Amino acid sequence: MVPNFLTPQHFAGFRELFAPKAFTVLSKGYSFDVFKADATAGLIVAIVALPLSMAIAIACGAKPEQGLYTAIVGGFIISALGGSRYQIGGPAGAFIVLIVTTIQIHGYDGFLLATFLAGLFLAAIGLLRLGVYIKYIPLPVRVGFTAGIGVILLSSQITDLFGLTLPSKEPAAFLPKLEVLFHALPSWNPATVLVSAVTLTLIVGIKRYRPGWPSLLIAVVVAALITRVFGLDVETIGTRYGGVPSSLPLPHMPEISWSKIGAVLPAAATIALLGGIESLLSAVVADSMTGKRHRSNCELVAQGIANCVCALFGGLCATGTIARTSTNVRAGAVTPVAGMMHSLFLLIFMLVAAPLASSIPLAALAGILTIVSLNMVQVREFINAFRRSRGESVVLFTTFFLTVFRDLTEGIAVGVLLGSLIFMHRMARLVTVETENNFLPDDQPDVLSARGALDDMGKDRDILVYHFQGPLFFGATTSVGVILERIGWFPKAVVMDFSSVPLVDTTGIETLVAFVQRIQGHGGTVYVAGAPRPVRKALMRCNFPIPNRNYFSSVETAEEYIRSKRSLAGRVSSGSSRKVVAPATS
């Protein structure tokens with residue numbers, strides 16, 4: 001007998017979830033016209049990614065070529081094995097602060113080990129089909145976290161923007177860093193400020209008046225020409241790093257030991273979480289621009305493999321990047337081949353033009369990252385948070401300030417916790433309990449104490465119906481329990497209508513059990529009506545003290561059964577022996 005996990009249906013489902021988009025798309029055919037469109041898009045994205053990859057690497061405290069390795073190796077794998085048609089992978093600005101902190105604490109070898117472990121985590125999350133849970137991180141948390149990273153990134157570019165001379169190593173913490181930079185302001189370099197101003201002006205001007213032009217590359221080339229022609233005294237890639245290699249390094253494993261794994265494990269988990277969020281957000285943006293759908297778990301597996309391989313080549317963390325992915329879509333990409341071509345073009349640029357990269361001023365790369373950091377601070381989202389909800393604004397600003405002044409991981413953790421608490425509070429407020437004739441608010445005491453209220457409306461005073469609405473989970477049990485405890489009289493039959501209850505958890509069931517036992521203790525009988533299958537299964541798993549015969553498909557069938565049973569009892573007492581058949585239960 002074939003086990004369930006080896007059936008053809010299982011393999012078909014596995015293929016549907018984890019087959020790379022490149023495979024499924026190319027298996028349907030690939031024409032030369034489509035290749036031209038993909039190659040053109042890949043070239044355009046490579047032109048954007050070339051200066052950006054080096055700038056991100058330098059901001060991380062790494063060498064510029066390590067950013068190129070990440071875009072070449074990681075970008076190719078993400079496009080070849082990922083679950084999105086348009087995803088462009090490579091180093092991302094969102095990782096800069098995290099990478100800087102990890103390198104400062106564990107060294108670059110420790111960072112490579114953390115990246116390798118993060119890759120394993122991402123691949124495992126994808127294979128276990130847990131990618132959907134990463135999407136549950138609230139928007140205010142993502143906005144606050146991204147904005148916090150943008151502020152930190154902007155502060156880290158001040159030294160290269162102004163050509164400051166620092167008396168010691170720049171602190172990683174935000175406030176001490178600002179203090180050191182403030183005292184170093186008198187050492188600013190006019191030539192460096194000129195190059196920075198030219199770079200920023202060109203990027204902003206080209207984006208506004210010629211949005212189709214490669215503004216980043218043009219700004220870097222012009223800044224390098226100005227520096228070379230006028231012999232400006234500014235720091236360049238060549239003067240700080242000695243140039244850029246013209247080949248890829250041989251892969252090698254980072255140093256591994258159990259003690260080192262334990263030390264870098266928190267950083268690896270944070271890299272995996274941030275990488276998963278960033279890549280899936282990027283894929284969702286591409287889907288919204290094209291109307292296509294990505295495979296989130298397949299995407300995470302590809303991200304995991306890419307990070308493992310990037311660590312072997314000494315690169316940075318790789319993830320899907322929203323800006324480059326959007327550029328890929330707007331450039332006319334059709335298949336994942338565009339992303340693979342982007343990596344191949346970057347490899348050609350590195351092999352051919354590596355000597356020219358030595359002339360690029362660091363002020364120009366700092367100007368690029370200044371634009372990136374400003375784009376990360378989404379001012380409009382901050383304003384909208386105030387307009388939408390006070391709770392969302394609290395989550396957003398808490399995440400933002402913790403990210404800037406405390407720690408990235410703490411910012412995400414506290415933000416998610418606050419967002420979850422606010423969500424549970426809102427869900428709890430949706431839970432209501434009604435009777436046949438009146439609503440039971442929390443501030444109305446003893447609404448059921450007057451039996452005459454039911455008599456006046458012509459209701460059967462021996463049957464009381466409770467209509468429950470909303471999820472009966474632990475966040476709502478207090479208010480529900482207060483309402484159920486205020487019953488002032490005990491009818492012979494109570495019908496609990498669960499037709500509008502989507503779910504019930506153990507805490508909710510305990511509250512209901514206490515109420516049922518109280519009714520039964522006063523000689524009453526409790527019936528359940530309209531319970532959806534998941535709710536009924538949950539009740540039975542928790543040994544809810546209601547026999548199967550007291551479950552009904554609707555309130556009407558339950559009331560009909562109760563009245564027929566009472567009528568039968570009356571006839572039996574008067575000598576009749578007619579049998580009553582109970583209505584079919586749900």
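Keep in mind it's a predicted model, so treat the numbers as computed, not measured. (Residues numbered from 1 in each chain as written. Predicted model: local features only at pLDDT ≥ 70, side-chain atom pairs only at ≥ 80, totals over all residues. Heavy atoms only, no water.)

Tallying secondary structure elements over the protein chain gives 25 helices and seven strands in all. Here the protein chain holds 586 residues, and 50% of them are scored as buried. Considering only contacts within the protein chain whose residues lie at least 6 apart along the sequence, 82% involve residues at least 24 apart. (Helix = DSSP H or I, 4+ residues; strand = E, 2+ residues; numbered from the N terminus. Buried < 20%, exposed > 50% of the residue type's maximum accessible area, 1.4 Å probe, protein only. Contact = heavy atoms within 4.5 Å.)

Before going further, it helps to examine the pairing of strand S4 (residues 463-469). Counted residue by residue, S4 has six buried out of seven residues, so it is predominantly covered. In this sheet, S4 lies alongside strand S3 (residues 432-434) in antiparallel orientation, the contact comprising three bridges. Paired with glutamate 434 across the bridge in S4 is histidine 467. The pairing of S4 with strand S5 (residues 493-500) spans six bridges and is parallel. If you follow histidine 467 over to S5, its bridge partner there is aspartate 497. (Pairing = 2+ DSSP bridges.)

The element strand S6 (residues 525-529) is extensively covered by neighbouring structure, given that four of its five residues are classed as buried. In terms of strand pairing, S5 meets S6 through five bridges, oriented parallel. Bridge assignment links valine 494 to a residue of S6, and that residue is valine 526. Considered for its hand, the β-α-β crossover made up of S6, helix H24 (residues 533-541) and strand S7 (residues 551-552) is right-handed. (Right-handed = clockwise from strand over helix to strand, strands pointing away.)

Right, let's talk about helix H3 (residues 32-59) for a bit. The first and last C-alpha atoms of H3 sit 40 Å apart over 28 residues, in line with the 40 Å expected at 1.5 Å per residue. Note on H3: the residue one or two positions beyond its end, glycine 61, has a positive phi of about 85°. (Expected span 1.5 Å × (residues − 1).)

Moving on, we come to the packing of aromatic side chains. Evaluated as defined, the whole model comprises 15 aromatic pairs. Note on phenylalanine 174 and phenylalanine 405: the rings are 5.5 Å apart at their centroids and 85° apart in plane angle, and the pair reads as edge-to-face. Of the two residues, phenylalanine 174 sits in helix H9 (residues 174-184) while phenylalanine 405 sits in helix H19 (residues 390-405), which places them 231 residues apart along the sequence. On the accessibility criterion, phenylalanine 174 (14% relative accessible area) is buried. Residues phenylalanine 473 and phenylalanine 474 carry aromatic rings whose centres are separated by 5.4 Å and whose planes lie at 80° to one another, so their mutual orientation is edge-to-face. The exposure class assigned to phenylalanine 473 is buried, which follows from its relative accessible area of 9%. Here a set of aromatic residues connected by ring pairs shows up, and it is made of Phe174, Phe382, Phe397, Phe400, Phe401 and Phe405. (Phe/Tyr/Trp six-rings, centres within 6.5 Å; stacked < 30°, edge-to-face > 60°.)

Ranked by internal contacts, the top residues of the largest apolar core, which has 79 residues, are Phe95, Ile99, Phe111, Ile237, Ile271, Leu316 and Leu365. Ranked by residue count, the leading element in this core is helix H5 (residues 96-127), at 13 residues. Not counting residues up to four positions away in its chain, the partners in contact with leucine 365 are Pro51, Ala55, Ile58, Val220, Ile237 and Ile360. Judged by nonpolar contacts, the second largest core, of 33 residues, contains Leu472, Phe473, Ile519 and Ala531. (Core = buried A, V, L, I, M, F, W, Y, C linked by side-chain atoms within 4.5 Å.)

Along the chain, histidine 467 falls in strand S4. Overall, histidine 467 belongs to the buried group, its relative accessible area being 18%. Only 2.7 Å separates the side chain of histidine 467 from the side chain of aspartate 497, close enough to count as a polar contact. (Polar contact = N/O pair within 3.5 Å; in protein donor to acceptor, adjacent residues only side chain to side chain.)

A few words now on the packing of H3 against helix H15 (residues 322-330). Two quantities define a packed helix pair, namely the angle between the axes and the distance from one axis to the other. In the contact formed by H3 and H15, the axes pass within 9 Å of each other and the chain directions differ by 165°. The angle between H3 and H15 places the two elements in the roughly antiparallel class. With respect to the hand of their crossing, H3 and H15 are arranged in right-handed fashion. Along the contact surface, H3 presents Ala41, Ile44, Val45, Val48, Ala49, Leu52, Ser53 and Ile56, while H15 presents Arg324, Thr327 and Asn328. Here the contact of H3 with H15 is composed, by residue class, of seven nonpolar, three polar and one charged. (Axes fitted to C-alpha atoms, helices over the stretch in contact; angles between N-to-C directions. Parallel < 35°, antiparallel > 145°, perpendicular 65-115°, else oblique. Left-handed = near helix turned anticlockwise from the far one by under 90°. Nonpolar A, V, L, I, M, F, W, Y, C, P; charged D, E, K, R; others polar.)

Pairing in this open sheet of five strands is mixed, and the strands run S3-S4-S5-S6-S7 from one edge to the other. One side of each edge strand has no neighbouring strand; the edge strands of this open sheet are S3 and S7.

A contiguous nonpolar surface patch, about 530 Å² in accessible area, is contributed by Leu128, Leu130, Val132, Tyr133 and Tyr136. A residue is classified by how much of its surface remains accessible, and leucine 128, at 59% relative accessible area, is exposed. (Patch = residues over 30% accessible without salt bridge, like charges linked within 9 Å, V, L, I, M, F, W, Y side chains within 5 Å. Areas by Shrake-Rupley, 256 points an atom, 1.4 Å probe, with all protein chains shown as cover. Salt bridge = Lys/Arg side-chain N within 4 Å of Asp/Glu carboxyl O.)

Per-residue pLDDT for the protein chain averages 85, and the proportion of residues at 70 or more is 89%. Taken as a whole, residues 1-11 scores under 50 in pLDDT and shows five contacts with residues more than four places along the chain or in a different chain. (pLDDT = per-residue confidence, 0-100.)

Pairs can form between side chains of opposite charge whenever their charged atoms are close. Following the criterion strictly, the structure yields six salt bridges and no others. Between lysine 177 and glutamate 170 there is a salt bridge; the shortest N-O distance is 3.9 Å. For glutamate 392, the salt bridge identified is with arginine 426, shortest N-O distance 4.0 Å. Of this pair, glutamate 392 sits in helix H19 while arginine 426 sits in helix H20 (residues 408-430), placing them 34 residues apart in sequence.

In this section: the packing of H5 against helix H14 (residues 296-312). It is at 7 Å that the axes of H5 and H14 come closest, and there the two elements cross at 160°. As far as their axial angle goes, H14 and H5 are roughly antiparallel. The element H5 and its partner H14 pack so that their crossing is left-handed. Across from Leu112, Thr115, Phe116, Gly119, Leu120, Leu122, Ala123, Ile125, Gly126 and Leu127 in H5, the residues of H14 making contact are Asn297, Leu300, Val301, Gln303, Gly304, Asn307, Cys308, Ala311 and Leu312. Residue classes in the contact of H5 with H14 are distributed as twelve nonpolar, seven polar and no charged.

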